[in-house]
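Fold and contact review
One-letter residues, chain by chain:
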Amino acid sequence: MAVRAVRGAVQLERDEAGHMDERVSELLTAVLERNQLVADDLISVWFTATPDLHSDFPAAAARGLGIVDVPLICAQELDIAGAMPRVVRVLAHVETYLSKSEISHVYLGATGALRKDIAQ
């Protein structure tokens, strides 16, 4: 078994706590499903949010999915002119038998444009 990193992102339509919970939950569920992972495979998860998001912590969505014994942290993305607005990104460290090339990085909707090299 190896330690791997899985990336992902989702764009919110609006800055509201319920909407953030819904979209981040969708992202985390897709990361787990596409990589054949369960919560016990998670080592730690980093969330970042663009500076225009203030309604809630993205990590709250993980807790709502039952990911309760995994270290989670939230940070703010750099405020870069012209960057895609209302984006939550995730970097999950996981234990898996998948090789690096088999890892499925999950960029939902418009965020696929952020990393065309790895978005699946």
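The present account deals with the structure reproduced in this document. Numbering of residues begins from 1 in every chain and follows the order in which that chain's sequence is written. For a predicted model such as this one, the threshold for reporting local features is a pLDDT of at least 70, and the threshold for listing and counting side-chain atom pairs is 80 or more; totals across whole chains, interfaces and linings nevertheless cover every residue. The basis for every side-chain value is the complete set of non-hydrogen atoms in the structure, without hydrogens or water.

A short note on helix 1 (residues 17–34)
Between its terminal C-alpha atoms helix 1 stretches 26 Å, which fits the 26 Å expected from 18 residues at 1.5 Å a residue. Using a 1.4 Å probe on the protein chains alone, a residue whose accessible area is under 20% of its type maximum counts as buried, one over 50% counts as exposed, and one in between counts as partly exposed. Each helix is a run of H or I in the DSSP string that is no shorter than four residues. Each strand is a run of E no shorter than two, and both are numbered from the N terminus. Those residues of helix 1 lying buried are His19, Met20, Arg23, Val24, Ser25, Leu27, Leu28, Ala30, Val31 and Leu32. Any two residues whose heavy atoms approach within 4.5 Å are treated as being in contact. Against the buried residues of helix 1 lie strand 1 (2–11), strand 2 (42–49), helix 2 (59–64), strand 4 (87–96) and strand 5 (106–107). Backbone geometry just downstream of helix 1 places Gln36 in the positive-phi region, at approximately 55°. Expected helix span is given by 1.5 Å per residue-to-residue step, counting one fewer step than there are residues.

Quick look at the pattern of salt bridges
Any carboxyl oxygen of Asp or Glu within 4 Å of a side-chain nitrogen of Lys or Arg constitutes a salt bridge here. Per the counting criterion, the structure on display carries four salt bridges. For Arg14, the salt bridge goes to Glu13, with nearest N and O atoms at 3.7 Å. Given the relative accessible area of 62%, Glu13 is considered exposed. The partner of Arg89 in a salt bridge is Glu77, with the nearest N and O atoms 3.7 Å apart. With a gap of 12 residues between them, Arg89 in strand 4 and Glu77 in the loop between strand 3 (72–76) and strand 4 connect regions that are remote in the sequence. Overall, the relative accessible area of 17% leaves Arg89 in the buried class. Sharing partners across several salt bridges, the network here consists of Glu13, Arg14 and Glu16.

Quick notes on the side chain of Asn35
By secondary structure assignment, the location of Asn35 is in the loop between helix 1 and strand 2. When its relative accessible area of 1% is taken as the criterion, Asn35 is described as buried. Look past the residues within four positions of Asn35 in its chain and what remains in contact with it is Val6, Leu98, Glu102, Ile103 and Ser104.

Concerning unusual backbone geometry
At Gln36, a position not held by glycine, the phi torsion is positive, near 55°. Within the secondary structure, Gln36 is located in the loop between helix 1 and strand 2. Overall, the relative accessible area of 68% leaves Gln36 in the exposed class. For Arg86, which is not glycine, the phi torsion reads 55° and is therefore positive. Its location among the elements puts Arg86 in the loop between strand 3 and strand 4.

Notes on the environment of Trp46
Following the sequence through the fold, Trp46 ends up in strand 2. Distance from Trp46 to Pro71, taken between C-alpha atoms, is 8.6 Å for residues 25 residues apart in sequence. Those residues within four positions of Trp46 in sequence are excluded, and the remaining contacts are Ile73, Arg89, Val90, Leu91 and His93.

Re the environment of Glu95
Looking at where Glu95 falls in the secondary structure, it is placed in strand 4. According to the relative accessible area criterion, Glu95 is partly exposed, its value standing at 36%. For the pair Glu95 and Ser44, spaced 51 residues apart in the sequence, the C-alpha separation amounts to 10 Å. Discounting chain neighbours no more than four positions away, the residues touching Glu95 are Met1, Ala2, Leu37, Asp41 and Ile43.

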